[in-house]
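Here are the chains, one letter per residue:
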Amino acid sequence: FPVTISDLNVFLASNKGATSITVHINSGGGSVTEGFAIYDKLKTSGKKIKTIVEGLCGSIATVIAQAGKDSGGRYMHANSDFFVHNPYWMPSAPDPMEADQLEALAEEMRKAQNKLVGFYGNITGQSIESLQNIMDRQTTLSTEEAIQWGFIDGVVEGEAIAGKRMQILAYISKPNKTNMSEKAIGLLNALIKRVFKNAMTETSEGVTIYFDGEIAVGTKPYRDWE
């Protein structure tokens with residue numbers, strides 16, 4: 001289930017006497033700002049932090065996994081995945097936006113991207129160019145590869161629950177609503193199709209829809225904005 005910075009604050013407040021915390025991660029990610037907040041809170045908690053990936057560590061969850069560096073260690077199960085990519089904007093409703101707002105959103109996304117790749121560079125010691133390359137390609141690293149890249153310190157032997165790589169993506173908040181131009185609609189539809197590529201289907205009426213993760217009962221569908 002999702003864990004927020006508020007959940008972490010409650011946990012830390014109720015475990016003040018603990019000297020160490022083990023964080024088990026099986027997550028596709030979520031909000032960029034929330035992920036960095038959780039990482040910062042863990043790093044400044046004054047406790048020894050150990051992180052263990054069980055299944056999937058994707059998107060902004062890869063930042064949280066770094067809380068174990070120089071503390072309790074960063075570990076992955078042998079058959080887990082470590083997924084890195086550039087931040088996305090996750091549209092949730094057809095709120096009207098103008099072209100200028102979409103351009104402002106793109107600028108915020110680039111800032112988030114630069115922040116993320118810079119963070120990875122400081123953590124791993126890898127070059128910004130090589131890190132940006134694997135982020136551009138939306139790369140899934142094996143446990144061994146994650147260790148080689150400097151994201152993880154060691155292996156935990158044993159089975160772990162498999163994750164779904166594209167179920168949740170790192171995203172940033174969208175700007176204020178205003179009237180939407182035809183140009184903005186086209187740009188927005190292109191964004192939606194990029195976010196949900198490889199996650200689309202067509203209804204019996206011939207309408208193309210996009211969805212988050214695997215299509216199943218309860219899956220929330222999206223379609224082009226009209």
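Before reading on, note that the structure itself is shown above.
Just so you know, the residues in each chain are numbered from 1, in the order the chain's sequence is written. The model is predicted, so local features are restricted to residues of pLDDT at least 70 and side-chain atom pairs to those at 80 or more, both for listing and for counting; the totals for chains, interfaces and linings are taken over all residues. With hydrogens and water set aside, each side-chain value is computed from the structure's full complement of heavy atoms.

Caption draft 1: Region of interest: helix H2 (residues 32–43). Strands are runs of DSSP state E lasting at least two residues, helices are runs of H or I lasting at least four, and both sets are numbered from the N terminus onward. One fewer than the residue count of a helix, multiplied by 1.5 Å, yields its expected span. Taking 1.5 Å of rise per residue, the twelve residues of H2 would be expected to cover 16 Å, and the 17 Å separating its terminal C-alpha atoms lies within 8% of that figure. Any residue under 20% of the maximum accessible area for its type is buried, any over 50% is exposed, and the rest in between are partly exposed; the area is computed with a 1.4 Å probe on protein chains only. All buried positions along H2 are accounted for by Val32, Gly35, Phe36, Ile38, Tyr39 and Leu42. Looking straight down H2, one finds that the buried residues subtend no more than 155° of arc, so they occupy a single side. Along the arc lie the directions from the helix axis toward the C-beta atoms.

Caption draft 2: Here's a closer look at the packing of aromatic side chains. Ring geometry is summarised as follows: Phe, Tyr and Trp rings, the Trp one being its six-membered ring, pair when their centres sit within 6.5 Å, and such pairs are stacked at plane angles under 30 degrees, edge-to-face over 60 and tilted between the two. By the definition in use, this model includes five aromatic pairs. Seen in terms of ring centroids, Tyr39 and Phe119 are 5.0 Å apart; in terms of plane orientation they differ by 85°. Their pairing is edge-to-face. Of this pair, Tyr39 sits in helix H2 while Phe119 is found in helix H4 (residues 99–124), placing the two residues 80 residues apart along the sequence. Phe119 matches Tyr39 in its accessibility class, with the two residues each being buried. Through a chain of ring-to-ring contacts, three or more aromatic side chains come together here, namely Phe36, Tyr39, Phe82, Phe119, Tyr120 and Phe151. Above the plane of the ring of Tyr75 lies Lys50, whose end atom (NZ or CZ) is 5.2 Å from the centre. One residue, Lys115, lies across the ring of Phe36, its end atom 4.3 Å from the ring centre. Our definition puts a charge over a ring when NZ of Lys or CZ of Arg is within 6 Å of the ring centre and also within 35 degrees of the ring normal.

Caption draft 3: Highlighting the nonpolar core. Counting residues in each nonpolar core, the largest one holds 36 residues, and the members touching the most others are Leu42, Val63, Phe82, Tyr120 and Phe151. Among residues more than four places away in sequence, those in contact with Tyr120 are Ser59, Thr62, Val63, Val84, Gly125, Leu131, Met135 and Phe151. Counting residues in hydrophobic clusters, the runner-up holds five residues, among them Met97, Leu102, Leu105 and Met109. Nonpolar core, defined: a set of buried Ala, Val, Leu, Ile, Met, Phe, Trp, Tyr and Cys residues in which side-chain atoms within 4.5 Å join the residues together. Any pair of residues with heavy atoms lying within 4.5 Å of one another is described as a contacting pair.

Caption draft 4: Inspection of the pattern of salt bridges at higher detail. Any carboxyl oxygen of Asp or Glu within 4 Å of a side-chain nitrogen of Lys or Arg constitutes a salt bridge here. In the structure shown here, the tally under the stated rule is two salt bridges. With a shortest N-O distance of 2.7 Å, Arg74 and Asp153 are connected by a salt bridge. Residue Arg74 is found in strand E3 (residues 73–77), and its partner Asp153 is found in the loop between helix H6 (143–149) and strand E7 (154–156); the two are separated by 79 residues along the sequence. When its relative accessible area of 2% is taken as the criterion, Arg74 is described as buried. Taking relative accessible area as the criterion, Asp153 reaches 40% and is therefore assigned partly exposed. Taking the shortest distance from any N to any O, the salt bridge between Glu108 and Lys111 comes out at 3.6 Å.

Caption draft 5: Representation of helix H1 (residues 5–14) in the model. Buried within H1 we find Ile5, Leu8 and Leu12. For H1, the angular spread of buried residues about the axis comes to 55°, placing them on one side. Within H1, the exposed residues directed more than 90 degrees away from the buried face are Val10 and Ser14. Looking at the packing, one finds that the buried side of H1 touches strand E1 (20–27) and H2.

Caption draft 6: Molecular detail of the pairing of strand E4 (residues 81–84). Pairing between strands requires that DSSP locate at least two bridges from one strand to the other. Bridge count for strand E2 (residues 48–58) against E4 is three bridges, and the pairing is parallel. From the neighbouring strand, Gly58 faces E4, where its bridge partner is Phe83. Relative to strand E6 (residues 139–141), E4 runs antiparallel, the two sharing three bridges. When the bridges of E6 are listed, Val84 appears paired with Thr139.

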